[in-house]
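So you can see what is in the structure, the chains are spelled out below.
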Amino acid sequence: MGFLLSKSMDANFKKQQEFMLHNSRLQMERQILMQNQMRERQMALQIAWSREFLKYFGTFFTVATVGLTVGAIKRKKPVLLAPVLPLGFIFAYQMDSAYGTLIYRMRGEAESIMTSEHDRLDLPNGTPTFDSIEKARRAKSSLTSFLEK
């Protein structure tokens with residue numbers, strides 16, 4: 001009788017373990033999906049910000065270029081066109097960021113760094129561990145309990 005009860009408990013225990021494993025996998029998948037959605041939203045916001053900034057900067061660049069060109073022609077001073085060159089580079093960068101392939105080139109470079117220069121990504125004191133975090137928490141806590149001492 002004890003053997004049958006033990007066998008039944010073992011089967012229930014295995015089912016419980018499988019259920020817990022399944023739940024932890026589901027939770028991990030949900031967490032990964034949630035983090036990816038948050039990343040996508042942040043990237044979309046960044047691209048939207050670039051496009052909005054480009055509208056304002058494009059207007060400024062156009063007005064400045066026209067004004068400086070008219071001033072250079074009227075006063076016969078071509079040196080007044082000098083600011084157009086750096087402003088043009090900034091405008092081109094913003095255009096590439098908002099509508100061009102900058103994000104794809106950055107992603108490619110990031111992938112290259114992760115594969116061939118992975119040592120540059122290491123944290124100064126290594127990856128934080130539970131013990132290191134707990135040690136820092138205890139050091140900052142002014143109300144340490146008697147159990148932690």
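Counting its secondary structure elements, the protein chain contains four helices and zero strands. Reading the secondary structure of the protein chain in the N-to-C direction produces α-α-α-α. Taken against the 2.2 N^0.38 rule, which gives 15 Å for 149 residues, the C-alpha radius of gyration of the protein chain at 30 Å runs more than 25% over that of a compact globule. Counting only C-alpha atoms and orienting by the principal axes, one finds that the protein chain spans roughly 110 × 40 × 30 Å. When each of the 149 residues of the protein chain is scored for burial, the buried share is 10%. A sequence separation of at least 24 residues applies to 51% of the contacts in the protein chain between residues at least 6 apart. For the protein chain, the exposed surface amounts to about 13400 Å²; the carbon and sulfur share of it is 64%. Side-chain charges in the protein chain split into 21 positive and 14 negative, and the spacing between the mean points of these groups amounts to 10 Å.

So, about the side chain of Gln94. Note on placement: Gln94 falls in helix α2 (residues 84-99). The residues contacting Gln94, other than those within four sequence positions of it, are Ser50, Phe53 and Leu54.

Moving on to the layout of surface pockets. Approximately 170 Å³ is the volume found for the largest pocket. If you go around the largest pocket, the residues you meet are Met43, Gln46, Ile47, Trp49, Ser50, Tyr93, Ser97, Leu102, Ile103 and Met106. Counting only elements with at least two residues in the lining of the largest pocket, the list comes to α1 (2-75), α2 and α3 (102-116). A total of five residues in the lining of the largest pocket trace back to one element, the largest contributor, which is α1.

The next thing to look at is the pattern of salt bridges. Counting across every chain of the model gives five salt bridges. In this structure, Glu52 and Lys55 form a salt bridge, with 3.5 Å as the shortest nitrogen-oxygen distance. Of this pair, Glu52 and Lys55 both sit in helix α1, three residues apart, which is roughly one turn of the helix. Taking the relative accessible area as the measure of exposure, Glu52 reaches 36% and is therefore partly exposed.

Counting across every chain of the model gives five aromatic pairs. Aromatic pair Phe57 and Phe60: ring centres 5.9 Å apart, planes at 50°, arrangement tilted. Residue Phe57 and its partner Phe60 are located together in helix α1, separated by three residues, close to a single helical turn. Of the residues examined, Phe57 reaches a relative accessible area of 10% and is grouped as buried.

The rules behind each value
- Throughout, residues of each chain are indexed from 1 in the direction in which the sequence is written.
- This being a predicted model, a pLDDT of at least 70 is required before a residue's local features are given, and a value of 80 or more before pairs of side-chain atoms are given or counted; all residues contribute to the totals for chains, interfaces and linings.
- Side-chain measures here rest on the full set of heavy atoms in the structure, leaving out hydrogens and waters.
- In this text, helices come from DSSP runs of H or I with a minimum length of four residues, and strands from runs of E with a minimum of two, each type numbered from the N-terminal end.
- Only the C-alpha atoms count toward the radius of gyration. The rule for a globule is 2.2 Å times the residue count to the power 0.38.
- Three exposure classes are used, based on accessible area relative to the maximum for each residue type with a 1.4 Å probe and protein chains only: buried under 20%, partly exposed in between, and exposed over 50%.
- By definition, residues are in contact when any of their heavy atoms lie within 4.5 Å.
- Using a 1.4 Å probe, the Shrake-Rupley method yields the accessible areas, and only the shown protein chains count as cover for residues.
- Within this scheme the basic residues Lys and Arg register as positive and the acidic residues Asp and Glu register as negative, but His and the chain ends are omitted.
- Every charge is mapped to an atom, namely NZ of Lys, CZ of Arg, CG of Asp or CD of Glu.
- Lining residues are defined by having an atom within 4 Å of a point belonging to a cavity or pocket. Those points lie on a 1 Å grid over the protein atoms alone, cavities being sets where a 1.4 Å probe fits but cannot get out and pockets being open sets with protein on both sides within 12 Å along at least five of seven lines.
- Grid points are joined across faces, edges and corners, and a volume is the space filled by probe spheres set on the points.
- Take a side-chain nitrogen of Lys or Arg and a carboxyl oxygen of Asp or Glu: if they are within 4 Å of each other, that pair is a salt bridge.
- Pairing of aromatic side chains requires ring centres within 6.5 Å, counting the rings of Phe and Tyr and the six-membered ring of Trp. Pairs whose planes differ by under 30 degrees are stacked, by over 60 edge-to-face, and all others tilted.

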